[in-house]
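One-letter residues, chain by chain:
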Amino acid sequence: MMHTMPALVLNGPGDVQLTEKPIPTPGPGEVVLAVEATTICGTDLRIMSGEKTTGVRPGVTLGHEIAGRIASLGEGVEGLTAGQQATVSIVVSCGTCRACLTGREHLCSRCELVGYGIDGGLAPWLRVPARAVRRGNIISVAAEMPATRLALAEPLSCVLNGHRRHSGVNPGETVVIIGGGAIGLLHTELNLACGAGRVIVCEKHADRRDRAAATGAVTTCPEHLSEVVAEHTGGYGAELVIVAIGRNELAEESLSLAAPGGRVSWFAGFPKGSMASITPNTVHYQELTVSGGSNAGRADVHRAVDMLEGGDIDEAPIVTHTFGLSQWTEAVDAVRGHAGVKIAIDPQR
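Residues numbered from 1 in each chain as written. Predicted model: local features only at pLDDT ≥ 70, side-chain atom pairs only at ≥ 80, totals over all residues. Heavy atoms only, no water.

Quick look at the UniProt feature "domain: Alcohol dehydrogenase-like N-terminal" (unreviewed entry) in the protein chain now. According to UniProt, the feature "domain: Alcohol dehydrogenase-like N-terminal" (unreviewed entry) maps to residues 27-133 in the numbering used here. The distance from the first to the last C-alpha atom of residues 27-133 is 12 Å, and the span holds 15% helix and 31% strand. (UniProt positions renumbered as here; feature names shortened; annotations may be inferred. Helix = DSSP H or I, 4+ residues; strand = E, 2+ residues; numbered from the N terminus.)

This is the structure we're talking about:
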């Protein structure tokens, strides 16, 4: 009988290995998921390299964009059934700090994250701790969907949180999205679904521009962004500008693209400790609202699952490649090399 499973483990900065771990069994209050797909994002690469260390535990199994199926339930678990398709809200918050008490559990001062400090989804099975199960972090799916679609629940939940932070989009508004990767495409599909009159996606890679265009967006390369925005808005600017690439110079550029009274979302994470130069009078005289968006709470994951179940978000332009767990180095190289858009790993193969 098999007692161990392969798991992609972070031993330390720059030291990632596919190693064997015991197959988990659920203790009281715990749930074990059979992982069917885990997609990889830029944060995973920063964790692997050691660029991101906050909340990261050496020895952790990586992977936080998870789609699975409930395999077994520990004693006392209620409301979940073996065989249900499910995902995990990765923020395990304390529930009692000031951030939690004001409805910002994703900014919890004592939060733990699946795939950072708690073992994640780059293994065939994932044990969800009882404290996460009690708080409702396992979110089951009513209508079956492809695992590669469900794995988008985590990044989509973050996009939904950012969308709420910048007050959404009003019908007919022009939206500019700088960056046509997976996050940029999710923002594109969401804003079009919410009634944006026009979405302009700026992306340097031609294949990603093609994918954005297929969703109904206007596309441009970075060199022509300002003139394309001016052309489509009569020189007025965009009501909403979303920065989906963490490059410091985009902080200033995003302000210059906004219409008077517009909203600017610095959604992407910028390099830790970095500084950006901006013209504050642009915000002052144009009466701009600038917001950020970081991570997501359980309510956002529920909304993301609802949208994915309803077909409001199409994963086909976004999840472009799937690898087996033994091919993890090829998968990581594909992310680094911008091959396709979103890369998935199926730990069961």
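Next up on the list: the packing of helix H5 (residues 153-165) against helix H11 (residues 298-309). In contact at an axis separation of 8 Å, H5 and H11 are set at 115° when each is read in the N-to-C sense. Taken together, the axes of H5 and H11 lie roughly perpendicular to each other. Here H5 and H11 pass one another in a crossing that is right-handed. Counting all contacts with H5, which are made through Ala 153, Leu 156, Ser 157, Leu 160, Asn 161 and Arg 164, the residues of H11 involved are Asp 300, Val 301, Arg 303, Ala 304, Val 305, Met 307 and Leu 308. (Axes fitted to C-alpha atoms, helices over the stretch in contact; angles between N-to-C directions. Parallel < 35°, antiparallel > 145°, perpendicular 65-115°, else oblique. Left-handed = near helix turned anticlockwise from the far one by under 90°. Contact = heavy atoms within 4.5 Å.)

With that settled, the discussion passes to the side chain of Lys 342. Of note, Lys 342 is situated in strand S18 (residues 342-346). According to the relative accessible area criterion, Lys 342 is buried, its value standing at 4%. There is a polar contact of 3.3 Å between the side chain of Lys 342 and the backbone oxygen of Ile 40. Polar contacts involving the side chain of Lys 342 include one to the side chain of Glu 65, which spans 2.9 Å. Not counting residues up to four positions away in its chain, the partners in contact with Lys 342 are Thr 39, Ile 40, Cys 41, Glu 65, Leu 152, Ala 182, Ile 318, Val 319, Thr 320 and His 321. (Buried < 20%, exposed > 50% of the residue type's maximum accessible area, 1.4 Å probe, protein only. Polar contact = N/O pair within 3.5 Å; in protein donor to acceptor, adjacent residues only side chain to side chain.)

It is worth spelling out the sheet that holds strand S13 (residues 218-220) at this point. Here we have six strands laid out as an open sheet, ordered S13-S12-S11-S14-S15-S16, and parallel in their pairing. Edge strands, defined here as strands with exactly one partner in the open sheet, are S13 and strand S16 (289-292). Adjacent strand axes in the sheet meet at a mean angle of 20°, parallel and antiparallel pairs treated alike. For strand S14 (residues 238-243) and strand S15 (residues 258-266), the ladder comprises five bridges, and the chain directions are parallel. Its bridge partner being in S15, Val 243 is matched across the sheet by Trp 266. Relative to strand S11 (residues 174-178), helix H6 (residues 182-193) is tilted by about 170°, and along the sheet it contacts S11, strand S12 (198-202) and S14. (Pairing = 2+ DSSP bridges.)

Where strand S17 (residues 319-324) meets S18, five bridges bridge the pair, whose relative direction is parallel. Residue His 321 lies in a different strand from S18, and its bridge partner there is Ile 343. One crossover worth recording links S17 to the parallel S18 by way of helix H12 (residues 328-336), and it is right-handed. (Right-handed = clockwise from strand over helix to strand, strands pointing away.)

In this section: the sheet that holds strand S2 (residues 15-22). A sheet is described by the order of its strands in space; here three strands give the open sequence S2-S1-S4, paired in antiparallel fashion. Two strands in the sheet have a free side with no partner beyond their single neighbour: S2 and strand S4 (60-61). Two strands pair when backbone bridges link them, and strand S1 (residues 4-12) and S4 are joined in this way by two bridges, in the antiparallel orientation. Bridge pairing links Leu 10 to Val 60 in S4.

Tallied over the full model, the rule gives 15 salt bridges. Taking the shortest distance from any N to any O, the salt bridge between Asp 119 and Arg 57 comes out at 3.0 Å. Here Asp 119 is found in the loop between strand S8 (112-113) and strand S9 (125-128), whereas its partner Arg 57 is found in the loop between helix H1 (42-49) and S4, with 62 residues between them in sequence. Here Asp 119 falls in the partly exposed class, since its relative accessible area comes to 27%. The exposure class of Arg 57 is partly exposed, given its relative accessible area of 34%. As a salt-bridge pair, Asp 333 and Arg 336 come within 3.9 Å of each other at their nearest N and O atoms. Placement of both Asp 333 and Arg 336 in helix H12 is noted, with a separation of three residues, approximately one turn of the helix. In this structure Arg 336 comes out as partly exposed when scored by relative accessible area, which is 48%. Through salt bridges that share partners, Lys 21, Arg 57 and Asp 119 make up one connected network. (Salt bridge = Lys/Arg side-chain N within 4 Å of Asp/Glu carboxyl O.)

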